Amino acid sequence: MSQALKINSSSEPYSDLPQICTRLLEAKAQKGRCYICFLTMAIDHDEVWVAALFYGQAKATPEELAKLGELLDIPANNLQAELGEHWFPRRGLGPVPPQDPLIYRLFEGVLVYGTPIKALIHEKFGDGIMSMIDCKVSVDRKENPKGDRVVLTFDGKFLPYLKW
């Protein structure tokens, strides 16, 4: 007999999420699914977007919520009631600076390399920003004899500043 997975919804980062998000995460784990499985089986989004949805950082369409409900055996009306048209993500989880070691290292990377990256973007594109709204993010693994490498790609649309 398998024991149902239970997430402690009072601990970070779950305490800041809608309850349905912890239910999605529990159902995903109980079904033995991975985010890439949802990409290929149900929703026309990349795995990072699907993970963002599970953590309340992205907004799904009613059709996407229905597909998730089918895959995870969660009634679609429950998903619609909690994550439907009336709900909007509260983006950005956790304290600043982050306490989680991995998230802190990403934060540190932006602190160390943010200004040089900005200078390179301005040099190559002009005065503007990279959109995080129209952005694809991927996480890949690259084998290396000294230890496998994490490859993060932010593929964002360049938006020039308006000239007044």
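Computed from a predicted structure; not experimentally measured. (Residues numbered from 1 in each chain as written. Predicted model: local features only at pLDDT ≥ 70, side-chain atom pairs only at ≥ 80, totals over all residues. Heavy atoms only, no water.)

**Digging into helix α4 (residues 62-72)**
For an α-helix, the turn length of 3.6 residues means that residues three or four places apart are oriented alike. Cut-off, in case you're wondering: Buried means the residue's accessible area, taken with a 1.4 Å probe over protein chains only, is under 20% of the maximum for its type, while exposed means over 50%, and partly exposed covers the values in between. Strands are runs of DSSP state E lasting at least 2 residues, helices are runs of H or I lasting at least 4, and numbering of each runs from the N terminus. Starting at the helix axis, one direction is taken to each C-beta atom, and the arc is that of these directions.
Regarding α4, the residues found buried are Glu-64, Leu-65, Leu-68, Gly-69, Leu-71 and Leu-72. Down the axis of α4, the buried side of the element spans an arc of 165 degrees, and every buried residue falls inside it. Across α4 from its buried face, at more than 90 degrees, point the exposed residues Glu-63 and Glu-70.

**Quick notes on the nonpolar core**
In a soluble, globular protein the nonpolar side chains are often hidden away together inside. Counted only if it meets this: By convention a nonpolar core is built from buried Ala, Val, Leu, Ile, Met, Phe, Trp, Tyr and Cys residues, the set being connected through side-chain atoms within 4.5 Å. In this analysis, two residues are considered to be in contact whenever any of their non-hydrogen atoms come within 4.5 Å of each other.
The biggest cluster of nonpolar side chains holds 24 residues, and the ones touching the most others in it are Leu-24, Phe-54, Ile-74 and Leu-79. Elements with a contribution of two residues or more to this core: α1 (19-31), α3 (47-54), α4 and α5 (76-83). With 5 residues, the single largest contributor to this core is α1. Those residues in contact with Leu-24 that lie beyond four places of it in its chain are Phe-54, Leu-72, Ile-74, Leu-79 and Leu-83.

**Quick word on the environment of Asp-100**
The condition is simple: Two N or O atoms count as a polar contact when they lie within 3.5 Å, although within protein this holds only if one can serve as hydrogen donor and the other as acceptor, and sequence-adjacent residues are included solely when both atoms are side-chain atoms.
Note on placement: Asp-100 falls in the loop between α5 and α6 (101-125). Among the residues examined, Asp-100 registers a relative accessible area of 40% and is labelled partly exposed. The sequence separation of Asp-100 and Ala-29 amounts to 71 residues, and the corresponding C-alpha distance is 21 Å. Side-chain polar atoms of Asp-100 contact the backbone nitrogen of Leu-102, separated by 3.1 Å. Side-chain polar atoms of Asp-100 contact the backbone nitrogen of Ile-103, separated by 3.1 Å.

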